[in-house]
Amino acid sequence: AQKVTQAQTEISVVEKEDVTLDCVYETRDTTYYLFWYKQPPSGELVFLIRRNSFDEQNEISGRYSWNFQKSTSSFNFTITASQVVDSAVYFCALSRMGGGNKLTFGTGTQLKVEL
Amino acid sequence: DAGVIQSPRHEVTEMGQEVTLRCKPISGHNSLFWYRQTMMRGLELLIYFNNNVPIDDSGMPEDRFSAKMPNASFSTLKIQPSEPRDSAVYFCASSIRTESSYNEQFFGPGTRLTVL
């Protein structure tokens, strides 16, 4: 069985602060994919990143960065210099590699960025 | 390019009525997924199709729910009869899947269903 845990239900920060959203996963598969999605107040789900289990390199995209550590089964997401527009619910998700690609989502972390 | 299209965006109905949600995946995508989002259960997969064939419907709550994909550009999720506990946001997502690769799922805007 697969499971994704996002222990932080809600985080509040002041604009320009850095913030890290935690994601811990469980899977018996040796190969898998990890994802982050953003759900702004408007409700749609926006894809942010996909990472496969072979690649443990950290990734940076503008103010966003992701830290994948297979040894601790974690895939954490950091927003640098947060902005009000970053306010959203962020979901971490896990998928098997091959043989079906349904996503198992975490419960999400509500990020509030205030002025 | 058009993303995943869902209709209606909002649906309010009375208990016992039939509800049909519609989805048009992104052109060229061969996998389609139906998810449901509630406060209590979060995001959960209901069913998914590969090449129009249902692969896994283990997430469908009960026989009142049914889904079809008659062709590559259209899918429906039907609830008959609807119950208040079916109130949720229903998302459709699509992706490209091959034997050797997997790509991210793109989600539609969702249908907010309220059953009174």
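Residues numbered from 1 in each chain as written. Chains lettered and ligands numbered in written order. Predicted model: local features only at pLDDT ≥ 70, side-chain atom pairs only at ≥ 80, totals over all residues. Heavy atoms only, no water.

A. Spotlight on the overall build of chain A. Helix and strand counts for chain A stand at 0 helices and 12 strands. Its C-alpha radius of gyration of 14 Å places chain A within 12% of the 13 Å reference for a compact globule of 115 residues. Projecting the C-alpha coordinates of chain A onto the three principal axes gives extents of approximately 45 × 25 × 20 Å. For chain A, buried positions account for 46% of its 115 residues. For chain A, the share of sequence-separated contacts (at least 6 apart) that also reach a separation of at least 24 residues comes to 56%. Element-wise, carbon and sulfur atoms account for 48% of the exposed surface of chain A, whose accessible area totals about 5,600 Å². Computed over 11 positive and 13 negative side-chain charges, the inter-centroid distance for chain A is 8 Å. (Helix = DSSP H or I, 4+ residues; strand = E, 2+ residues; numbered from the N terminus. Rg over C-alpha atoms; globule rule 2.2 N^0.38 Å. Buried < 20%, exposed > 50% of the residue type's maximum accessible area, 1.4 Å probe, protein only. Contact = heavy atoms within 4.5 Å. Areas by Shrake-Rupley, 256 points an atom, 1.4 Å probe, with all protein chains shown as cover. Lys, Arg positive; Asp, Glu negative; His and termini not counted. Charge placed at Lys NZ, Arg CZ, Asp CG, Glu CD.)

B. Examining the pattern of salt bridges more closely. Residues and elements named next belong to chain B. Enumeration over the complete set of coordinates arrives at 15 salt bridges over all chains. A salt bridge links Arg64 to Asp86; the shortest N-O distance between them is 2.6 Å. With a gap of 22 residues between them, Arg64 in the loop between strand 6 (53–56) and strand 7 (65–71) and Asp86 in the loop between strand 8 (74–79) and strand 9 (88–95) connect regions that are remote in the sequence. Summarising the burial analysis for this pair, Arg64 and Asp86 share the class buried. Connected via shared salt-bridge partners are Glu62, Arg64, Glu83, Arg85 and Asp86. (Salt bridge = Lys/Arg side-chain N within 4 Å of Asp/Glu carboxyl O.)

C. The confidence of the model for chain A, seen in detail. Across chain A, the average pLDDT comes to 92, with 97% of residues at 70 or higher. Ranking the helices and strands of chain A by mean pLDDT puts strand 3 (residues 19–21) of chain A first, with 98, and strand 7 (residues 59–61) of chain A last, with 87. (pLDDT = per-residue confidence, 0-100.)

D. View of the interface of chain A and chain B. Contacts between chain A and chain B engage 18 residues on the former and 19 residues on the latter. Summed over both sides, the interface of chain A with chain B buries roughly 1,600 Å², with 56% coming from carbon and sulfur. On the chain A side of the interface with chain B, the three residues burying the most area are Leu45(A), Asn101(A) and Lys102(A), jointly 36% of the side's total. Our count for the chain A to chain B interface comes out at 2 salt bridges. Residues Glu104(B) and Arg50(A) are paired through a salt bridge, measuring 3.7 Å at the closest nitrogen-oxygen approach. Remark: the boundary between chain A and chain B carries 4 residue pairs in polar contact (both at pLDDT 80 or more). Broken down by secondary-structure element, the contributors of at least two residues to the side of chain A that touches chain B are strand 5 (32–39), strand 6 (46–52), strand 10 (88–96) and strand 11 (103–105) of chain A. At 4 residues, strand 5 of chain A tops the list of elements feeding residues into the side of chain A that touches chain B. (Buried area = accessible area lost by both parts, 1.4 Å probe. Polar contact = N/O pair within 3.5 Å; in protein donor to acceptor, adjacent residues only side chain to side chain.)

E. Structural view of the state of the cysteines. Residue and element names in this part refer to chain B. Per the stated rule, a full pass over the model turns up 2 disulfides over all chains. Note on cysteine connectivity: Cys23 is disulfide-linked to Cys92, with sulfurs 1.9 Å apart. Since a negative S-S torsion denotes a left-handed disulfide, the Cys23-Cys92 link at about -70° is left-handed. Here Cys92 lies in strand 9 and Cys23 lies in strand 3 (residues 19–24), a separation of 69 residues in the sequence. (Disulfide = S-S within 2.5 Å.)

F. Layout of the side chain of His29(B). Residue and element names in this part refer to chain B. Among the secondary structure elements, His29 is positioned in the loop between strand 3 and strand 4 (31–38). Among the polar contacts listed, one links the side chain of His29 to the backbone nitrogen of Ser95, at a separation of 3.3 Å. Among all residues touching His29, those that are not within four sequence positions of it are Ser94, Ser95, Ile96 and Phe106.

G. Quick peek at the nonpolar core. In terms of nonpolar packing, the biggest core is built from 24 residues, with Trp36(A), Trp66(A), Phe75(A), Phe77(A), Tyr90(A) and Leu111(A) touching the most fellow members. Listing elements by their share of this core, those giving two or more residues are strand 2 (10–14), strand 3, strand 5, strand 6, strand 8 (64–69), strand 9 (74–79), strand 10 and strand 12 (109–114) of chain A. In terms of nonpolar packing, the next biggest core, distinct from the first, is built from 21 residues, Val19(B), Phe65(B), Leu77(B) and Ile79(B) among them. (Core = buried A, V, L, I, M, F, W, Y, C linked by side-chain atoms within 4.5 Å.)

H. A look at the packing of aromatic side chains. Overall, the coordinates contain 21 aromatic pairs over all chains when judged by the stated rule. Ring centres of Tyr25(A) and Tyr32(A) lie 5.1 Å apart, and the angle between their planes is 55°; on these two criteria the pair is classed as tilted. The residues Tyr25(A) and Tyr32(A) share a single accessibility class, namely buried. Where Phe33(B) meets Tyr48(B), the ring centres are 5.3 Å apart and the plane angle is 20°; that geometry is what we call stacked. In this pair, Phe33(B) is assigned in strand 4 and Tyr48(B) in strand 5 (residues 42–50), connecting sequence segments 15 residues apart. There is no split in this pair, since Phe33(B) and Tyr48(B) are both buried. Members of the aromatic cluster, each reached through a chain of ring pairs, are Tyr33(A), Phe35(A), Tyr37(A), Phe47(A), Phe91(A), Phe105(A), Phe33(B), Tyr35(B), Tyr48(B), Phe91(B), Phe106(B) and Phe107(B). (Phe/Tyr/Trp six-rings, centres within 6.5 Å; stacked < 30°, edge-to-face > 60°.)

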